[in-house]
Amino acid sequence: MRLLFVMVTFSCVLPLAGCLQPLYAPAGFGLDASPLAVELQAIAVDEIPQRLGHYVRNELIFGLNGTGSQPPPRYRLMVVLRERVQTPILDTVTGRATSATVIVDADYRLVTLPEEIELTKGIAFNVASYDRFSNRFSNVRAARDAEIRNARVIAESIRTRIATVMAARLSPVPPPVLPN
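A. How the structure looks around the overall build of the chain. In terms of helices and strands, the chain carries four helices and four strands. Along the chain, helices (α) and strands (β) appear in the sequence α-α-β-α-β-β-β-α when read from the amino end. A total of 180 residues make up the chain; the buried ones form 28% of that total. Sequence separation of at least 24 residues holds for 61% of the intrachain contacts in the chain that already meet a minimum separation of 6. Element-wise, carbon and sulfur atoms account for 63% of the exposed surface of the chain, whose accessible area totals about 12600 Å².

In structure tokens form, the structure reads like this:
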């Protein structure tokens, strides 16, 4: 009886074995070959000055083309960063800031190559806070960690917005017309 139950269960589950796909696995044999992924891989990210620009550019390159291949660029992404630090809380005894907030704004613009036709542009921003201590080195490291957190969020926001625009361009279905 037990053997019959195992055989029936196995025969019911066997046809579904090929239907499972890992959530974050690429769709294809090794590389994501979807049209959107191919379009995102063809975006060249311009150099962004300063350390924060280096972090944002690396995150963008990995987010847009994490394959390591370098297809010929068909698009160019330009990003301009503005960073400021605010210290909203002060210790009344020492007069030192006990926390700081790193605010980053990123103006981005995606154009086609070589025509330089603008596809999308916008502003992405993020705010990251960190605690400050009496040790100067821990403050420097905490500020750098806040910059890295900002870079990741900004790069992901830009990548998502660009992917949305590219998906709309590749879609055979026209976007719906909204009534006025």
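B. Inspection of the sheet that holds strand β4 (residues 118-131) at higher detail. Pairing in this open sheet of four strands is mixed, and the strands run β1-β2-β3-β4 from one edge to the other. Of all strands in the sheet, those bounded by a partner on one side alone are β1 (43-45) and β4. Strand-to-strand, the axes of this sheet are offset by a mean angle of 25 degrees, without reference to chain direction. In terms of strand pairing, strand β2 (residues 75-86) meets strand β3 (residues 99-112) through 12 bridges, oriented antiparallel. Paired with L77 across the strands is L110, a residue of β3. Contacts from helix α3 (residues 50-64) reach β1, β2 and β3 within the one sheet, and its direction differs from that of β2 by about 140 degrees. Packed onto the sheet, helix α4 (residues 136-170) meets β1, β2, β3 and β4 and runs at close to 155 degrees relative to β4.

C. Main features of the packing of α3 against α4. One way to put it is that α3 packs onto α4 with a least axis distance of 8 Å and a crossing angle of 40 degrees. The orientation of α3 with respect to α4, classified from their angle, is oblique. Here the hand of the crossing between α3 and α4 comes out right-handed. Packed against α3, whose contacting residues are R51, L52, Y55, V56, E59, L60, G63 and L64, the element α4 presents R144, E147, I148, A151, R152, A155, I158 and R159 at the interface. Among the residues forming the contact of α3 with α4, the class breakdown is nine nonpolar, one polar and six charged.

D. The arrangement of the pairing of β2 in detail. As paired elements, β1 and β2 share three bridges and run parallel to each other. By the bridge assignment, A44 is partnered in β2 with R76.

E. Region of interest: the side chain of T120. As for its placement among the helices and strands, T120 is situated in strand β4. Once residues within four sequence positions are removed from consideration, T120 is found in contact with Y108, R109, L110, I162 and V165.

F. Structural detail: the pattern of salt bridges. For the coordinates displayed, the defined rule picks out 11 salt bridges. Here E39 and R74 are joined by a salt bridge, their closest N and O atoms 2.8 Å apart. With E39 in helix α2 (residues 35-41) and R74 in the loop between α3 and β2, the pair connects residues that are 35 residues apart, well separated along the chain. Notably, a salt bridge pairs E59 with R152, separated by 3.6 Å at the nearest N-O pair. Taken as a pair, E59 in helix α3 and R152 in helix α4 lie far apart in primary sequence, 93 residues in all. A cluster of three or more residues bridged by salt bridges with shared partners is formed by D46, R76 and E116.

Thresholds applied
Residues numbered from 1 in each chain as written. Predicted model: local features only at pLDDT ≥ 70, side-chain atom pairs only at ≥ 80, totals over all residues. Heavy atoms only, no water. Helix = DSSP H or I, 4+ residues; strand = E, 2+ residues; numbered from the N terminus. Buried < 20%, exposed > 50% of the residue type's maximum accessible area, 1.4 Å probe, protein only. Contact = heavy atoms within 4.5 Å. Areas by Shrake-Rupley, 256 points an atom, 1.4 Å probe, with all protein chains shown as cover. Pairing = 2+ DSSP bridges. Axes fitted to C-alpha atoms, helices over the stretch in contact; angles between N-to-C directions. Parallel < 35°, antiparallel > 145°, perpendicular 65-115°, else oblique. Left-handed = near helix turned anticlockwise from the far one by under 90°. Nonpolar A, V, L, I, M, F, W, Y, C, P; charged D, E, K, R; others polar. Salt bridge = Lys/Arg side-chain N within 4 Å of Asp/Glu carboxyl O.

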